[in-house]
Amino acid sequence: MEMMLSHFEDLVVGHFCNRAHDILVACKAYMDGAQVGSLVKGGVQDVDLSDKSCLKRFKDSLAGYVDMLVKVFTQIGAEDCEKFQSPGMNGNKRFCGMPKAAT
């Protein structure tokens, strides 16, 4: 049983390591106002013409989560995640220089 759990843990870590950039780009898109559920790999898809962008409180809370995710993703081996950190966390890089979600 322990061996199975170990392999499952490797699977989960590998999944998040491989998807780290997609997850961080999604967070950025939501902070930019994308509608939740509108993201597809490679960009934002229009799902509704009415304005159903993320709630301000949700968008504002994402910055703290992004910094935590960058730290954890980097620890598990995902590369180049630092570019997603907010200004106070990554030295001279600016948050506005973060890659914009594809539209």
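To be clear, the structure that these remarks concern was listed above.
Residues numbered from 1 in each chain as written. Predicted model: local features only at pLDDT ≥ 70, side-chain atom pairs only at ≥ 80, totals over all residues. Heavy atoms only, no water.

Quick word on the environment of Ala29
By secondary structure assignment, the location of Ala29 is in helix H1 (residues 2-31). Between the C-alpha atoms of Ala29 and Leu39, which are 10 residues apart in sequence, the distance is 8.2 Å. (Helix = DSSP H or I, 4+ residues; strand = E, 2+ residues; numbered from the N terminus.)

Digging into the nonpolar core
Judged by nonpolar contacts, the single largest core of 16 residues is most densely connected at Leu24, Val66, Val70, Phe73 and Cys81. Contributions of two or more residues to this core are made by H1 and helix H2 (56-75). Looking at this core element by element, the count peaks at seven residues for H1. (Core = buried A, V, L, I, M, F, W, Y, C linked by side-chain atoms within 4.5 Å. Buried < 20%, exposed > 50% of the residue type's maximum accessible area, 1.4 Å probe, protein only.)

With respect to a nonpolar patch on the surface
A cluster of nonpolar side chains, namely Phe8, Leu11, Val12 and Phe16, defines an oily patch on the protein surface of about 380 Å² accessible area. Tracing the backbone shows Leu11 in helix H1. (Patch = residues over 30% accessible without salt bridge, like charges linked within 9 Å, V, L, I, M, F, W, Y side chains within 5 Å. Areas by Shrake-Rupley, 256 points an atom, 1.4 Å probe, with all protein chains shown as cover. Salt bridge = Lys/Arg side-chain N within 4 Å of Asp/Glu carboxyl O.)

Regarding the pattern of salt bridges
For the structure on display, the rule yields one salt bridge. Here Lys28 ties to Asp32 by a salt bridge, and the two come within 2.8 Å at their closest N and O atoms. For Lys28, a relative accessible area of 9% translates into the label buried. According to the relative accessible area criterion, Asp32 is partly exposed, its value standing at 39%.

A closer look at unusual backbone geometry
With a phi angle near 60 degrees, Asp80 is a residue other than glycine that sits in the positive phi range. With respect to the helices and strands, the residue Asp80 is situated in the segment after H2.

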